[in-house]
Amino acid sequence: MTAMDMPGESMVARAILDGADRILSADPPIELLHLRAGGGETDSLAIAPIAKVARLARRLGIAVSRRVVVADGEGDLDLWVQARPETGQIRLSVSGWRDRRAWRPGATPPDYAAAGADFRWEADAALRLTYLSPQAGERLGLDVAALLGQPLSALFAFDPANGGGAVTALADLAPFDGRGARLRPIDMPIRLSAAIRHDGMGGIAGLSGVACRIDERDPDEPLGLTDAPPLTENFTAGLDRALRTPLARIVANADSIAAQGDGPIAPQYADYATDIAHAGRHLLGLVDNLVELQAIEQPDFTLAATPLDLADVARRACGLLGVRADHAGVTIRKPALGEVMPATGDFGRSLQILINLIGNALRYSPRGSAVTVTVERDGQWGQVRVTDQGKGIAPEDQGRIFEKFERVDPTEPGGNGLGLYIARRLARAMGGELSVESAPGEGASFLFQLPHR
């Protein structure tokens, strides 16, 4: 949107959406944004942040107001959106209309590491490459243009034993220096140094770093390995600091909304706040589990075997993920209330495993599909099967997805490649197993087994 097209900050642009989020009427600024975002006359509203507010208002049945940032051309628009449901329609009011220049990375390496570098690189806060110096192509034959925009993991294979490289730096809000890695396209050992970049408001904008080839090393010494354990205390402490405080605030605020201490609200809104609080508490439990990952990786790690009902655990996991399923437009089919599946294992860890499996199934399921959770007995095993209708997993990737920091497609939004690794380690520590059956285009079926009781 050009400066001449830009409405004033005080102007309010309005639109009306039907039940499928299609535009029934709209003032020119909203219509223009919709068209520039790739939407057509009969398409649902293509301005994703505004459409999200509209869907939330429709689901809650109340007016919802949110500040949103919309990408437009070379910059961003800072908007205030109000969505009000009215007899099957949504009435939108959009104000603010402040033009904000999008952050752009510079090409300046960290001051402490410029000398002797083979090439320089930069990544944004999502760890996608935004800059790669020409020396990367001239000296090492890398396709610089093709790598820009790709995840950092497409260029560097970080050594997990050294704390995960860039992921740790962002969690700890600290630079790293001399981190061992491999240049993935040509499988070359390198050393990486990087500094945290900050945007104009003090937030994390990404990383700026340099890479140096390792020409000589002891062939008997694995690259980048130190005497540190596979997951360092700095890594887990960084996760704890980065996640615990904001999650605790989310839980406290959600509990306050659900209690209606400031006055009555719509029942659906109170239920939604309760779901947020439950999910926040579960995530706090996951933070604890990640902090314990160092112990989980020890060869003698075991868990107490106590009686449990796998069907009950599965139903609880489905219930915790109900809000996420609603947002994704996916149905969860869970075991019936009368079903039981006696087994032995750790209740909390079993719940953690199933939430991971069902959460992954929701993430990769198309809207309108279903995730099916069933329990069954197979000889000495009590087992839970989680089946989705997603795109499936190729045979050559089915073993790799259970490895640490591995994902089938790093370009897709999702986790950090630890969930399935942790889940399988936990299953085996309980005397059970976690496996997958899948074929491309036919969805995936994950099988969690524990000794039958």
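What you are looking at is a predicted structure, and each value in this text was computed from that prediction instead of being measured. (Residues numbered from 1 in each chain as written. Predicted model: local features only at pLDDT ≥ 70, side-chain atom pairs only at ≥ 80, totals over all residues. Heavy atoms only, no water.)

Colleague: Would you mind going over the sheet that holds strand 16 (residues 381–387) in detail, with residue names and values included?
Modeller: Taking strand neighbours across the sheet as the criterion, the five strands line up as 13-15-16-18-17 in an open arrangement whose pairing is mixed. Looking at which strands have only one partner, the edges of the open sheet turn out to be strand 13 (331–333) and strand 17 (433–438). The mean angle between the axes of side-by-side strands here comes to 20°, regardless of whether they run parallel or antiparallel. Where strand 15 (residues 370–378) lies against strand 16, seven bridges are found, and the strand directions are antiparallel. Each residue of the ladder has a partner; that of Val-373, found in strand 16, is Val-386. The strands that helix 11 (residues 347–363) touches are strand 13, strand 15, strand 16, strand 17 and strand 18 (444–451); relative to strand 18, the one it contacts most, it runs at about 175°. (Pairing = 2+ DSSP bridges. Helix = DSSP H or I, 4+ residues; strand = E, 2+ residues; numbered from the N terminus. Axes fitted to C-alpha atoms, helices over the stretch in contact; angles between N-to-C directions. Contact = heavy atoms within 4.5 Å.)

Colleague: Pulling in residues and values, what's your account of the pairing of strand 1 (residues 13–17)?
Modeller: Here strand 1 lies mainly inside the structure; four of its five residues are buried. Relative to strand 2 (residues 23–26), strand 1 runs antiparallel, the two sharing three bridges. Directly across from Ala-15, in strand 2, lies its bridge partner Ala-26. The loop that links strand 1 with its antiparallel partner strand 2 comprises five residues; one of these, Asp-21, has a positive phi angle of about 65°. (Buried < 20%, exposed > 50% of the residue type's maximum accessible area, 1.4 Å probe, protein only.)

Colleague: If you had to explain helix 11 to someone new, which residues and values would you point to?
Modeller: Along its 17 residues, helix 11 runs 24 Å from first to last C-alpha, staying within 8% of the 24 Å computed at 1.5 Å per residue. By the criterion of burial, helix 11 is predominantly enclosed, with 14 of the 17 residues buried. The opening residue of helix 11, the one whose side-chain oxygen lies 3.1 Å from the backbone nitrogen of Gly-348, is Asp-346. (Expected span 1.5 Å × (residues − 1). Polar contact = N/O pair within 3.5 Å; in protein donor to acceptor, adjacent residues only side chain to side chain.)

Colleague: I'd like to hear about the environment of Ala-154, residue by residue, with values.
Modeller: On the secondary structure map, Ala-154 appears in the loop between helix 4 (144–147) and strand 8 (156–158). Each C-alpha atom, one on Ala-154 and one on Pro-185, is 7.8 Å from the other, the two residues being 31 residues apart in sequence. Setting aside residues no more than four positions away along its own chain, Ala-154 makes contact with Leu-147, Arg-184 and Pro-185.

Colleague: If you had to explain the packing of aromatic side chains to someone new, which residues and values would you point to?
Modeller: Under the criterion given, the structure shown has three aromatic pairs. With a centroid separation of 6.4 Å and an interplanar angle of 15°, the aromatic rings of Phe-119 and Phe-156 are classed as stacked. With Phe-119 in strand 6 (residues 119–124) and Phe-156 in strand 8, the pair connects residues that are 37 residues apart, well separated along the chain. By the burial criterion, Phe-119 is buried, and Phe-156 matches it. Summarising the aromatic geometry, the rings of Phe-402 and Phe-446 are spaced 6.3 Å apart at their centres and angled 70° between planes, so their arrangement reads as edge-to-face. In this pair, Phe-402 is assigned in the loop between strand 16 and helix 12 (419–429) and Phe-446 in strand 18, connecting sequence segments 44 residues apart. You can call Phe-402 buried: its relative accessible area is 6%. Take Phe-446: its relative accessible area is 8%, and that puts it in the buried class. Among the aromatic residues, those joined into a ring-pair cluster are Phe-119, Trp-121 and Phe-156. (Phe/Tyr/Trp six-rings, centres within 6.5 Å; stacked < 30°, edge-to-face > 60°.)

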